[in-house]
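Overview (structure and organization)
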Amino acid sequence: YDKEVSSKFYAKIGGAFGFKEKKVQLGLVGDMGVRIGQGLVIGTGVQYMGFSLNDGIKCDWSLDNLTVNMTVGWEW
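Here goes a summary of the coordinates provided. (Residues numbered from 1 in each chain as written. Predicted model: local features only at pLDDT ≥ 70, side-chain atom pairs only at ≥ 80, totals over all residues. Heavy atoms only, no water.)

1. Topic: the environment of threonine 44
- Mapped onto the elements of the fold, threonine 44 is located in strand S3 (residues 40–52).
- Threonine 44 sits in the partly exposed class, given a relative accessible area of 34%.
- Taking the C-alpha atoms as reference, threonine 44 lies 14 Å from leucine 28; in sequence the two are 16 residues apart.
- Polar contacts involving the side chain of threonine 44 include one to the main-chain carbonyl oxygen of asparagine 69, which spans 3.0 Å. (Helix = DSSP H or I, 4+ residues; strand = E, 2+ residues; numbered from the N terminus. Buried < 20%, exposed > 50% of the residue type's maximum accessible area, 1.4 Å probe, protein only. Polar contact = N/O pair within 3.5 Å; in protein donor to acceptor, adjacent residues only side chain to side chain.)

2. Side note on a nonpolar patch on the surface
- Taken together, the side chains of Phe17, Phe19, Val24, Leu53 and Ile57 make up a nonpolar region of the molecular surface, amounting to roughly 570 Å² of accessible area.
- Note that valine 24 resides in strand S2 (residues 23–36). (Patch = residues over 30% accessible without salt bridge, like charges linked within 9 Å, V, L, I, M, F, W, Y side chains within 5 Å. Areas by Shrake-Rupley, 256 points an atom, 1.4 Å probe, with all protein chains shown as cover. Salt bridge = Lys/Arg side-chain N within 4 Å of Asp/Glu carboxyl O.)

3. Things to note about the packing of aromatic side chains
- For the structure shown, the criterion picks out four aromatic pairs.
- With a centroid separation of 6.3 Å and 80 degrees between ring planes, the pair formed by tyrosine 48 and phenylalanine 51 is classed as edge-to-face.
- By relative accessible area, tyrosine 48 is classed as buried at 12%.
- By relative accessible area, which is 17% here, phenylalanine 51 ends up buried.
- Look at tyrosine 48 and tryptophan 61: their rings are 5.2 Å apart centre to centre, the planes differ by 25 degrees, and that puts the pair in the stacked class. With a gap of 13 residues between them, tyrosine 48 in strand S3 and tryptophan 61 in the loop between strand S4 (58–59) and strand S5 (66–74) connect regions that are remote in the sequence.
- On the accessibility criterion, tryptophan 61 (66% relative accessible area) is exposed.
- Taken together, the aromatic side chains of Tyr48, Phe51 and Trp61 make up a single cluster linked through ring pairs. (Phe/Tyr/Trp six-rings, centres within 6.5 Å; stacked < 30°, edge-to-face > 60°.)

Worth remembering: the numbers are spatial, not functional.
Written as structure tokens, this is what we have:
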């Protein structure tokens, strides 16, 4: 029971895709956070959508391609 209600940290990485000016955009995603008690989950993450498939994979390093998010949720 103690392990089930104890706080735990988590981290996730992944990928994303979308479209910009009718061209496919690729991105990287990372999240980290903590579960508090039996179910409250608080996290933050970043998403960088700076990769395109125009004549091969190209990267446009710019802060305009960065998104930061914060989440609050519940785990059942």
